[in-house]
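If you want the building blocks of each chain, they are given just below.
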Amino acid sequence: MSNFSNQIRASSSLIKRLKHLRQMSSNLVLMQTRSFTTTEGQRPTMVHKRSLDILHDPWFNKGTAFSMTERDRLDLRGLLPPNVMSTEQQIERFMDDLKELEVNARDGPYEPNALAKWRILNRLHDRNETMYYKVLIANIEEYAPIVYTPTVGLVCQNYSSLFRRPRGMYFSAADRGEMMSMIYNWPADQVDMIVVTDGSRILGLGDLGVQGIGIAIGKLDLYVAAAGINPQRVLPVMIDVGTNNEKLIKNPVYLGLQQHRLDGDEYVAVIDEFMNAVFTRWPNVIVQFEDFQSKWAFKLLQRYRNSYRMFNDDVQGTAGVAIAGLLGAVRAQGKPMIDFPKQKIVVAGAGSAGIGVVNAARKTMARMLGNNASAFESARSQFWIVDAKGLITEERENIDPDATPFARKVKETNHQGLREGASLVEVVQAVKPDVLLGLSAVGGLFSKEVLEALKGSTSTRPAIFAMSNPTTNAECTPEEAFSIVGENIIFASGSPFKDVDLGNGRIGHCNQGNNMYLFPGIGLGTLLSGSRIISDGMLQAAAECLAAYMTEEEVLKGTIYPSISSIRDITKEVAAAVVKEAIEEDLAEGYREMDARELQKLSQEEIVEYVKKNMWSPEYPTLVYKND
Ligand SMILES: NC(=O)C1=CN([C@@H]2O[C@H](COP(=O)(O)OP(=O)(O)OC[C@H]3O[C@@H](n4cnc5c(N)ncnc54)[C@H](O)[C@@H]3O)[C@@H](O)[C@H]2O)C=CC1
Ligand SMILES: CC(=O)C(=O)O
Ligand SMILES: [Mg+2]
């Protein structure tokens, strides 16, 4: 009997509790409903979350509509693009995107499936990082062109409408004086790798302002997939100092600051503040500068490279990849690498990438010639640089200081029948180069006339590097190169192209000459060596490792770069070469339990093993709840 009455008592108290809970939840729904039909003077909604947890909660997330005071109150500052939007603007942006998708799906002005694939992959990235990277690694050949060049270019061009869930951090000109506290809004305690851009020159697509964050995200995808950097420890960063792209300034749904770019000391002060903030919070982080316009790329590199762990991928990564390819082209002619200083090289483009390549190639030649002043001078004379104004000579007015060392001397140009501003065709006709290398961002620059002129090359196997990105900016296609110059050429492009069918079972091989073969290994090697800076020697070791990766048989067949399907293996080797060089230069300070003394003791094989062991792989860990 007493048992029975106990049960009655228990169930009536349970019913009371349930009623109470139901009342509470309907109050909550009421509060939430009210908070979403905002009216002035309305009671606020209490949230027990902060930072990314709010942005990832569909109940509370307002995306770009969070006001600046809310961003400050909820630790959201820096986690969203700087432009605060109204609900109407958000809906306009969303509808634009929806309609764009319909247009793309109907007539495919670019590559409609590529963008659709990016959207699907991006959603997977937001839902489940482990699965995302498993898919990416297993299908890298198919999906690198989606998360990286060329599709990432299209993504950046359309980022204001594609933007859904924020990824990475945004620092803007309006955040001056606040960055040191903002950096602590990032939820991860440790960050190993940052890719930062100011959006001023995204691939060959020009100034895309805040939308350039897409390139930082794409590069970090390769850091995870190729170098095995833990995805919880990467951080894409956009420094929004405005944009000089008038279309974006006028676009009502643009996500960034709608003002012209800061310049001069004001600009440098913003970048300085950012560098100070990130290295204060994460002293061991590595910062890769990406797609900064040439004007700032070199200056910032010189400013920071001796005091911070940083490098500029467009200047230094591209240079290393080009050198590996140029050495491969020498071997493909059946000559030893040491013949490299005899190569005549015409370069179209004198920006961060072009000048980066000629500087590094000149140093490589000089080293092969004895590494003295006369070797350095002699190496200079192997390069002809053509920019938007034609051949660069001493007679150029207002010559860019970075190009000055390569300006041809008047007596040399006279001797060759050339002159200041000579066209690319004239230069190729007169020089008869072994190599024609394009980093101009001008699609089709290697026209029929230019390629016809290259048929006069004195090389037994002329090499064409159409390295500009994305695909439409390539200086020529492999079909044009093989059909006009001949089947015996070496061809490489920055974005992927298919091999060319030359008939009768013969294939014209299309290499991808892209800094993706080096930057992941440079970053990983620097991290695992614990080097405080990234030295020229470490970059050179990376380039030489890539050059040596290809066998004699492969280069003779015209394959001077590896297939992207082996990028994880190449990256491991490149990283090991970087670690070894850092040890030899006495820069290595160690990483975690591997201190500097332990590193010194490692053999070549042990270094490779050490690198391999520290590469993250996408496997689900067992999760256990811990109440801190
Ligand atoms: N394959 C790869 O790994 C990489 C490719 N790139 C590509 O290189 C290109 C250039 O990048 P940056 O040097 O940073 O750009 P930039 O804008 O600083 O330089 C472009 C250069 O091309 C020159 N140019 C323009 N029109 C020309 C013409 N008609 N003839 C000859 N030269 C001309 C300009 O005067 C300038 O010197 C971009 O398309 C970029 O995507 C950059 C880095 C890596
Ligand atoms: C590949 C690369 O870094 C660029 O095109 O800028
Ligand atoms: Mg770049």
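Residues take numbers from 1 onward in each chain, read along the sequence in its written order. Each chain is given a letter, starting from A, and each ligand a number, starting from 1, according to the order in which they appear as written. With the structure being a predicted model, the display of local features is reserved for residues of pLDDT at least 70 and the display and counting of side-chain atom pairs for 80 or more, all residues being used for whole-chain, interface and lining totals. To obtain the side-chain values, all non-hydrogen atoms of the structure were used and water was disregarded.

Description of the sheet that holds strand β14 (residues 510-512)
Next, step 1: If you walk across this open sheet you meet the seven strands as β8-β7-β6-β9-β10-β11-β14, and the pairing is mixed. If you trace the sheet from one side to the other, it starts and ends with β8 (390-391) and β14, each paired once.
Next, step 2: The pairing of strand β6 (residues 345-348) with strand β7 (residues 383-387) spans four bridges and is parallel. Bridge pairing in β7 links I345 to F383.
Next, step 3: By the convention used here, residues are in contact when the closest approach between their heavy atoms is within 4.5 Å. In this description, a line fitted to the C-alpha atoms serves as the axis of each element, helices being fitted only across the stretch in contact, and the angle between N-to-C directions of two axes falls anywhere from 0 to 180 degrees. Only DSSP runs of H or I reaching four residues or more are called helices, and only runs of E reaching two or more are called strands; each is numbered from the N terminus. Relative to the sheet, helix α21 (residues 478-485) contacts β10 (463-466), β11 (490-493) and β14, its axis offset from that of β11 by approximately 160°. When DSSP finds two or more bridges between a pair of strands, those strands are recorded as paired.

Considering the UniProt feature "binding site: (S)-malate" (unreviewed entry) in the protein chain
Next, step 1: Here, UniProt's "binding site: (S)-malate" (unreviewed entry) annotation points to R201, N469 and N514.
Next, step 2: Relative to the elements of secondary structure, R201 occurs in the loop between β2 (193-197) and α11 (213-227).
Next, step 3: Leave out the neighbours within four places in its chain, and R201 touches G206, D291, F292, Q293, D314 and S352.
Next, step 4: Under the rule applied, a polar contact is a pair of N or O atoms within 3.5 Å (in protein, one hydrogen donor and one hydrogen acceptor; residues adjacent in sequence only if both atoms are side-chain atoms). Of the polar contacts made by the side chain of R201, one reaches the backbone oxygen of L203; its length is 2.9 Å.
Next, step 5: With respect to the helices and strands, the residue N469 is situated in the loop between β10 and α21.
Next, step 6: Relative accessibility under 20% of the residue-type maximum defines a buried residue, over 50% an exposed one, and the middle range a partly exposed one, all with a 1.4 Å probe and only protein chains included. Take N469: its relative accessible area is 14%, and that puts it in the buried class.
Next, step 7: Ignoring anything within four residues of it in the chain, the contact list for N469 reads T149, L203, G204, G494, S495 and N514. UniProt positions are given in the numbering used here, feature names are shortened, and annotations may be inferred rather than shown by experiment.

As for the packing of α11 against helix α22 (residues 519-529)
Next, step 1: Orientation of α11 relative to α22, taken along the N-to-C sense of each, is 70°, at an axis distance of 9 Å. The angle between the axes of α11 and α22 places the two elements in the roughly perpendicular class. Both α11 and α22 take part in a crossing whose hand is right-handed. Two secondary-structure elements touch here, α11 through K219, L222, Y223, A226 and A227 and α22 through F519, P520, G523 and L524.
Next, step 2: For this scheme, ten residues count as nonpolar: Ala, Val, Leu, Ile, Met, Phe, Trp, Tyr, Cys and Pro. Four count as charged, namely Asp, Glu, Lys and Arg, and the remainder, Gly too, count as polar. Broken down by class, the residue content of the contact of α11 with α22 amounts to seven nonpolar, one polar and one charged. Under this scheme an angle from 65 to 115 degrees is roughly perpendicular, one under 35 degrees roughly parallel, and one over 145 degrees roughly antiparallel; angles in between are oblique. By definition, turning the near helix anticlockwise from the far helix through less than a right angle yields a left-handed crossing, and turning it clockwise yields a right-handed one.

Some thoughts on α11
Next, step 1: The length a helix should cover is 1.5 Å for every residue beyond the first. In a regular helix each residue adds 1.5 Å, so 15 residues correspond to 21 Å; α11 covers 20 Å between its end C-alpha atoms and thus fits that length.
Next, step 2: α11 sits mainly inside the fold: 15 of its 15 residues count as buried.
Next, step 3: G228, located one to two residues past α11, shows a positive phi value of around 65°.

Structural notes on the site of ligand 1
Next, step 1: Taken together, 26 residues form the shell around ligand 1, and within it R201, S294, A350, S352 and N515 come nearest.
Next, step 2: G351 places a polar main-chain atom, nitrogen or oxygen, 3.4 Å from an oxygen atom of ligand 1.
Next, step 3: Interatomic distance of 3.0 Å between a backbone N/O atom of M467 and a nitrogen atom of ligand 1.
Next, step 4: If ligand 1 stood free it would expose 850 Å²; the protein chains cover 84% of that surface.
Next, step 5: When residues of the shell around ligand 1 are traced back to their parent elements, those giving at least two are α15 (313-332), α16 (352-368) and β7.
Next, step 6: Its residues assigned to classes, the shell around ligand 1 comprises ten nonpolar, 13 polar and three charged.
Next, step 7: Per the annotation, domain bounds derive from an automatic or database assignment of domains. Both domain 2 (87-308) and domain 3 (317-613) contribute no fewer than three residues apiece to the shell around ligand 1. Being near a molecule or strand, for a residue, comes down to having at least one heavy atom within 4 Å of it. For every accessible area listed, the method is Shrake-Rupley and the probe measures 1.4 Å; residues are considered covered only by the protein chains on display.

Description of the pairing of strand β9 (residues 435-438)
Next, step 1: Because side chains alternate across β9, one face comprises the buried residues V435 and L437, and the other comprises L436 and G438, equally buried.
Next, step 2: Inspection of the sheet shows β9 paired to β10 by four bridges, in the parallel sense. Bridge assignment links L437 to a residue of β10, and that residue is F465.
Next, step 3: Once the chain exits β9 it traverses helix α20 (residues 448-454) before rejoining the sheet at β10, and the crossover so formed is right-handed. With its strands directed away from the observer, a crossover is right-handed exactly when the path from the first strand over the helix to the second travels clockwise.

Some points on the domain arrangement of the protein chain
Next, step 1: Taken as a whole, the protein chain is organised into domain 1 (2-46), domain 2 (87-308) and domain 3 (317-613).
Next, step 2: A C-alpha centroid distance of 26 Å is found between domain 2 and domain 3.
Next, step 3: Listed by partner, the interface residues are 36 residues for domain 2 and 38 residues for domain 3.
Next, step 4: Buried area counts how much accessible surface, traced with a 1.4 Å probe, disappears from two parts once they are put together, with both parts' losses summed. For the domain 2 and domain 3 pair, buried surface summed over both sides reaches about 2,700 Å², with 61% attributable to carbon and sulfur atoms.
Next, step 5: Joining domain 2 to domain 3, the criterion identifies twelve residue pairs in polar contact (both at pLDDT 80 or more).
Next, step 6: Where the side of domain 2 that touches domain 3 is concerned, the elements lending two or more residues are α7 (140-147), α11, β4 (286-289) and α14 (294-304).
Next, step 7: Top contributing element to the side of domain 2 that touches domain 3 by residue count: α11, with seven residues.
Next, step 8: Within the side of domain 2 that touches domain 3, the residues separate by chemical class into 22 nonpolar, eight polar and six charged.

Quick word on the coordination of the magnesium ion (ligand 3)
Next, step 1: Only E290 (OE), D291 (OD) and D314 (OD) from the protein coordinate the magnesium ion (ligand 3), and they sit 2.0 Å from it.
Next, step 2: Here the coordinating atoms are restricted to nitrogen, oxygen and sulfur within 2.8 Å of the metal centre, or 3.2 Å for Na, K and Ca, and because water is not among them the sites may look incomplete. Read in sequence order, the donor residues for the magnesium ion (ligand 3) give the motif E-D-x22-D. Placement of E290 in the loop between β4 and α14 and of D314 in helix α15 is noted, with a sequence separation of 24 residues between them.
Next, step 3: Taking relative accessible area as the criterion, E290 reaches 1% and is therefore assigned buried.
Next, step 4: Judged by relative accessible area, D314 falls into the buried class, the value being 6%.

Section: a nonpolar patch on the surface
Next, step 1: Patch membership is restricted to residues that have no salt bridge and whose relative accessible area is over 30%. Joining uses 9 Å for like charges and 5 Å for the nonpolar side chains Val, Leu, Ile, Met, Phe, Trp and Tyr. For this document, the term salt bridge refers to a Lys or Arg side-chain nitrogen within 4 Å of an Asp or Glu carboxyl oxygen. On the surface, I91, F94, M95 and L98 cluster together to form a nonpolar patch covering roughly 340 Å² of accessible area.
Next, step 2: For M95, the location among the structural elements is in helix α4 (residues 87-107).

Regarding the site of ligand 2
Next, step 1: Around ligand 2, the structure places Y148, R201, L203, K219, E290, D291, D313, D314, N469, N514 and N515.
Next, step 2: At a separation of 3.0 Å, an oxygen atom of ligand 2 approaches a polar side-chain atom of E290.
Next, step 3: A distance of 2.9 Å is found between an oxygen atom of ligand 2 and a side-chain nitrogen or oxygen belonging to D291.
Next, step 4: Class assignment of the residues belonging to the shell around ligand 2 gives a composition of two nonpolar, three polar and six charged.
Next, step 5: Mapped onto the domain boundaries, the shell around ligand 2 takes at least three residues apiece from domain 2 (87-308) and domain 3 (317-613).

Thoughts on the UniProt feature "active site" (unreviewed entry) in the protein chain
Next, step 1: Feature annotation in UniProt assigns "active site" (unreviewed entry) to the following positions: Y148 and K219. What stands out for the annotated residues spanning 72 residues is how close their C-alpha atoms remain, the widest pair being 6.9 Å apart.
Next, step 2: By secondary structure assignment, the location of Y148 is in the loop between α7 and α8 (151-157).
Next, step 3: Sequence-distant contacts of Y148, that is, excluding residues within four places in its chain, are made with K219, L222, N514, N515, M516 and F519.
Next, step 4: Mapped onto the elements of the fold, K219 is located in helix α11.
Next, step 5: Taking relative accessible area as the criterion, K219 reaches 2% and is therefore assigned buried.
Next, step 6: Within the structure, K219 has its side chain in polar contact with the side chain of Y148 (distance 2.8 Å).

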